[in-house]
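Take a look at the letters that make up each chain.
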Amino acid sequence: MPPVDPRSYRPKYIQVADQIRDRITAGEYQPGDRLPSERDLSDDYDVNPATARRALRTLQAEGLLTIERGVRAQVREMGERTVMRIQAGDRVVIRPATADEQRRLGLAAGAPVAVVTAADGGEQVVPAYDIELVVESDETPGLP
């Protein structure tokens, strides 16, 4: 695991959360797996245990982990995702949630959102880990 970059503009706890999130989405940690202890994470990432704890709480707020007092954090079983159908001309951008979006959607600082802008200008913002995008097309597969 690469240590956090102390010169980065991103807070250390966000950097740790990003790396753990990447490991979850890559399948290195599967649903039901327990993560290393806060102490082990702090050693692995060369951060204070409070920083590791805050990173885990961030991932818990995003819905990726469950945390029980006295038990190591566990990767959460993912529930049903919201299916969003997008058309040609629609635009999807994944970015960190703004403070207002964090409050409105109940997300932690640094949590990603998907901003879907329809060709007609309508916009929808949803937590990025709760959606599945399906591209709809009028084209028949196999035809030029």
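About the thresholds
Along every chain, residues carry numbers that run from 1 in the direction the sequence is written. With pLDDT at 70 or above as the cut-off, local features in this predicted model cover only qualifying residues; side-chain atom pairs require 80 or more to be listed or tallied, and sums for whole chains, interfaces and linings still use all residues. With hydrogens and water excluded, all non-hydrogen atoms of the structure serve as input to the side-chain values. By definition, any uninterrupted DSSP run of H or I lasting at least four residues is a helix, any uninterrupted run of E lasting at least two residues is a strand, and each is numbered from the N terminus. Given the number of residues in a helix, its expected span is that number minus one, multiplied by 1.5 Å. Note on contacts: a residue pair qualifies if any of its non-hydrogen atoms lie within 4.5 Å across the two residues. The definition of a polar contact used here is a pair of N or O atoms within 3.5 Å, where within protein one atom must be able to donate a hydrogen and the other to accept one, and adjacent residues in sequence count solely through side-chain atom pairs. What goes into a patch is any residue over 30% in relative accessible area without a salt bridge, connected to like charges within 9 Å or, for nonpolar side chains (Val, Leu, Ile, Met, Phe, Trp, Tyr), within 5 Å. Each accessible area value is a Shrake-Rupley result obtained with a 1.4 Å probe; residue values ignore everything except the protein chains displayed when judging cover. Put simply, a salt bridge is a Lys or Arg side-chain nitrogen that is within 4 Å of an Asp or Glu carboxyl oxygen. Counted as positive: Lys and Arg. Counted as negative: Asp and Glu, with His and the chain ends omitted from the count. For charged residues, the charge sits on one atom: NZ in Lys, CZ in Arg, CG in Asp, CD in Glu. For every residue, the accessible area obtained with a 1.4 Å probe (protein chains only) is divided by the maximum for its type, and the residue is called buried under 20%, exposed over 50%, and partly exposed between those limits. It is the directions from the helix axis to the C-beta atoms whose arc is reported. What makes a nonpolar core is a set of buried Ala, Val, Leu, Ile, Met, Phe, Trp, Tyr and Cys residues whose side-chain atoms join them at distances within 4.5 Å.

For helix α3 (residues 49-61), with 13 residues, the first-to-last C-alpha span of 18 Å sits near the 18 Å given by 1.5 Å per residue. Buried residues along α3 sit in contact with α1 (12-25), α2 (38-45), β1 (65-68) and β2 (71-75). For α3, the N-terminal cap is N48; the gap from its side-chain oxygen to the backbone nitrogen of A50 is 2.7 Å. Of the residues trailing α3, G63 is marked for its positive phi of about 90°.

With that out of the way, let us pick up a negative patch on the surface. On the surface, a cluster of negative charge is made up of D40, D43, D44 and D46. Positionally, D46 belongs in the loop between α2 and α3. For D46, a relative accessible area of 62% gives the class exposed.

Within the secondary structure, T58 is located in helix α3. At 2.9 Å, the side chain of T58 and the backbone oxygen of R54 are in polar contact.

What follows concerns α2. Every buried residue belonging to α2 is among L41, S42 and Y45, and all of these are buried. Axial view of α2: buried residues confined to an arc of 100°, hence all on one face. Across α2 from its buried face, at more than 90 degrees, point the exposed residues R39 and D43. Elements in contact with the buried residues of α2: α1 and α3. Positioned one or two residues after α2, D46 has a phi angle of 55°, which is positive.

With that settled, consider the pattern of salt bridges. Summed over the entire model, instances satisfying the criterion amount to nine salt bridges. Across the pair R23 and E28 runs a salt bridge whose closest N-O atoms are separated by 2.3 Å. Taking the shortest distance from any N to any O, the salt bridge between D100 and R104 comes out at 4.0 Å. Of this pair, D100 and R104 both sit in helix α4 (residues 99-105), four residues apart, which is roughly one turn of that helix. Residue class for D100 comes out partly exposed when judged on its relative accessible area of 44%. Within this structure, R10, D18 and R21 form a network of salt bridges that share partners.

Formed by 21 residues in total, the largest nonpolar core has its most connected members in V16, I20, I24, L35, L56 and L65. Residue assignment for this core shows that the elements contributing at least two residues are α1, α2, α3 and β2. The dominant element in this core, judged by the number of residues it contributes, is α1, at six residues. Discounting chain neighbours no more than four positions away, the residues touching L35 are I20, Y29, L56, L65, R72, A73 and V75.

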